[in-house]
Amino acid sequence: MEIQSIGQAIFDLFFPRRCLNCDAIISFDNPLCIPCAANLPYTHWHLDKENPAYTKLKKLCNLSSAHSFLYFQHNNVTQKLLHHLKYLNHPEIGILLADKAKSELDLSKFDGIIPVPIHPKKEKKRGYNQVVPYAKTLAEHFEIPLREDILIRKENNPSQILKNRSKRLTTLQTAFGLTNQPIEGHFLLMDDVLTTGATISTCVNLIHTEYPEAKISVMTIAFAQ
Ligand SMILES: [Zn+2]
């Protein structure tokens, strides 16, 4: 046994790695134990165009299709994975989820993936935009461009939670902007969680004000029930 692996073995003995969902001790480099990884709450909505994500968003904006990969509920495995991805510096969780998603999807028809941007200050603090590891892995796999140069986040609103719904929507409408990159073709807008649909529909509507002919589909890692 190499000295480094002896050191790792001793470290693991005192600080065992645990499944972030069920707390079982795990001995390999994976955030979940084998049963938890095998029982992710998949939506399988790629088989159903009229799925709940599409039904929710089509009332708010003009889109071609929508898909969410996992169900998100309070305290479920998806919530824990996304919490680690977003707040605890685990971008590899996005890559892992994209690796699972790519076997059920075909994104090769899209002209690019547009990640919903976060404010540069937040991105600097977090180290990355939480949807990008997922989006980038899928873009590379399907050999389509990752277009981080289309949408920009203009305002940082940490106190959004305190505002009422109409104020929040007005704030959202001014929070995003477009660069001068032309948008032609069919793009996939990607975000981490679909909750009310306000953020995503704001982005879709913004793109359509400048580029009404552009086709936009939406994909999120998770759908909040
Ligand atoms: Zn587990």
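Look up a bit, the structure's there.
An account of the accompanying structure is given in this report. (Residues numbered from 1 in each chain as written. Predicted model: local features only at pLDDT ≥ 70, side-chain atom pairs only at ≥ 80, totals over all residues. Heavy atoms only, no water.)

1. So, the sheet that holds strand β8 (residues 215-224)
Strand order in this open sheet of four strands is β3-β8-β7-β4, and the pairing throughout is parallel. The open sheet has two edge strands with one neighbour each: β3 (66-72) and β4 (112-115). On average, each strand axis in the sheet is inclined to that of its neighbour by 20°, with strand direction left out of account. Direction of pairing for strand β7 (residues 186-194) relative to β8: parallel, over a ladder of eight bridges. When the sheet's bridge partners are listed, Met190 is paired in β8 with Met219. Along the sheet face, helix α7 (residues 132-142) touches β3, β4, β7 and β8 and points at about 175° away from the line of β4. (Pairing = 2+ DSSP bridges. Helix = DSSP H or I, 4+ residues; strand = E, 2+ residues; numbered from the N terminus. Axes fitted to C-alpha atoms, helices over the stretch in contact; angles between N-to-C directions. Contact = heavy atoms within 4.5 Å.)

2. Here's the deal with the packing of aromatic side chains
Under the definition given, this model contains three aromatic pairs. Taken together, a centroid distance of 5.5 Å and an interplanar angle of 85° make the contact between Trp45 and Tyr71 edge-to-face. One end of the pair, Trp45, is in the loop between α2 (34-38) and α3 (52-58); the other, Tyr71, is in strand β3, with 26 residues separating them in the sequence. For Tyr71, a relative accessible area of 23% corresponds to the partly exposed category. Geometrically, the ring pair formed by Trp45 and Phe223 is edge-to-face, given 4.9 Å between the ring centres and 80° between the ring planes. Remark: Phe223 occurs in strand β8 and Trp45 occurs in the loop between α2 and α3; sequence separation between them is 178 residues. Phe223 carries the same exposure label as Trp45, and that label is buried. Within the aromatic cluster, the residues linked to one another by ring pairs are Trp45, Tyr71 and Phe223. (Phe/Tyr/Trp six-rings, centres within 6.5 Å; stacked < 30°, edge-to-face > 60°. Buried < 20%, exposed > 50% of the residue type's maximum accessible area, 1.4 Å probe, protein only.)

3. What about the packing of helix α4 (residues 77-87) against helix α5 (residues 92-101)?
At their nearest, the axes of α4 and α5 sit 8 Å apart, and the two run at 135° to each other. Relative to α5, the element α4 is oriented oblique. Seen from α4, the contacting residues are Leu81, His84 and Leu85; seen from α5, they are Ile93, Gly94 and Leu97. Looking at the contact of α4 with α5 residue by residue, the classes come out as four nonpolar, two polar and no charged. (Parallel < 35°, antiparallel > 145°, perpendicular 65-115°, else oblique. Nonpolar A, V, L, I, M, F, W, Y, C, P; charged D, E, K, R; others polar.)

Worth remembering: the numbers are spatial, not functional.
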